[in-house]
Amino acid sequence: MMKKMKAFWESLEDFTTVSKRELFLEVVCCALAGFVLGILFSPKKTTIIGSNNGNGRLEAYEEEQVEEA
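On a predicted model such as this, the values are computed, not experimentally measured, just so you know.

*Asks:* I keep staring at the overall build of the protein chain and nothing clicks. Help me out?
*Replies:* Helix and strand counts for the protein chain come out as three helices and zero strands. Listing each helix as α and each strand as β along the protein chain from the N terminus yields α-α-α. For the protein chain, with 69 residues in total, the buried portion stands at 0%.

*Asks:* Would you take a moment to explain a nonpolar patch on the surface for this structure?
*Replies:* The grouping of Phe24, Leu25, Val28, Leu32 and Phe35 at the surface amounts to a nonpolar patch, some 510 Å² of accessible area in total. Mapped onto the secondary structure, Phe24 falls in helix α2 (residues 20–41).

*Asks:* Looking at this structure, I do not really get the confidence of the model for the protein chain. What am I missing?
*Replies:* Caution is warranted with low-pLDDT regions, since their predicted coordinates should not be read in detail. In the predicted model, the protein chain carries a mean pLDDT of 81, and the fraction of residues at 70 or more is 68%. Least confident of the elements in the protein chain is helix α3 (residues 58–68), whose mean pLDDT is 61; most confident is α2, at 95.

*Asks:* So what exactly am I meant to see when it comes to the state of the cysteines here?
*Replies:* Evaluated as defined, the whole model comprises zero disulfides. No disulfide involves Cys29; its sulfur sits 7.0 Å from that of Cys30, the nearest cysteine.

What counts as what
- Residues numbered from 1 in each chain as written.
- Predicted model: local features only at pLDDT ≥ 70, side-chain atom pairs only at ≥ 80, totals over all residues.
- Heavy atoms only, no water.
- Helix = DSSP H or I, 4+ residues; strand = E, 2+ residues; numbered from the N terminus.
- Buried < 20%, exposed > 50% of the residue type's maximum accessible area, 1.4 Å probe, protein only.
- Patch = residues over 30% accessible without salt bridge, like charges linked within 9 Å, V, L, I, M, F, W, Y side chains within 5 Å.
- Areas by Shrake-Rupley, 256 points an atom, 1.4 Å probe, with all protein chains shown as cover.
- Salt bridge = Lys/Arg side-chain N within 4 Å of Asp/Glu carboxyl O.
- pLDDT = per-residue confidence, 0-100.
- Disulfide = S-S within 2.5 Å.

As structure tokens, then:
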């Protein structure tokens, strides 16, 4: 295993040219992979849209509950 790793490591010393398109696609792939991994490994949060400061349909909801009972 170490021989294969050493041979691979030594093969990396060769210089190669990379086209701009290939470099751009590599950067885009790495960025998208980072986004996906960030979403998957982030702590779970609840999403609340609004401020929950008491404005809204709370009174109407309570009235509906009383009528159903």
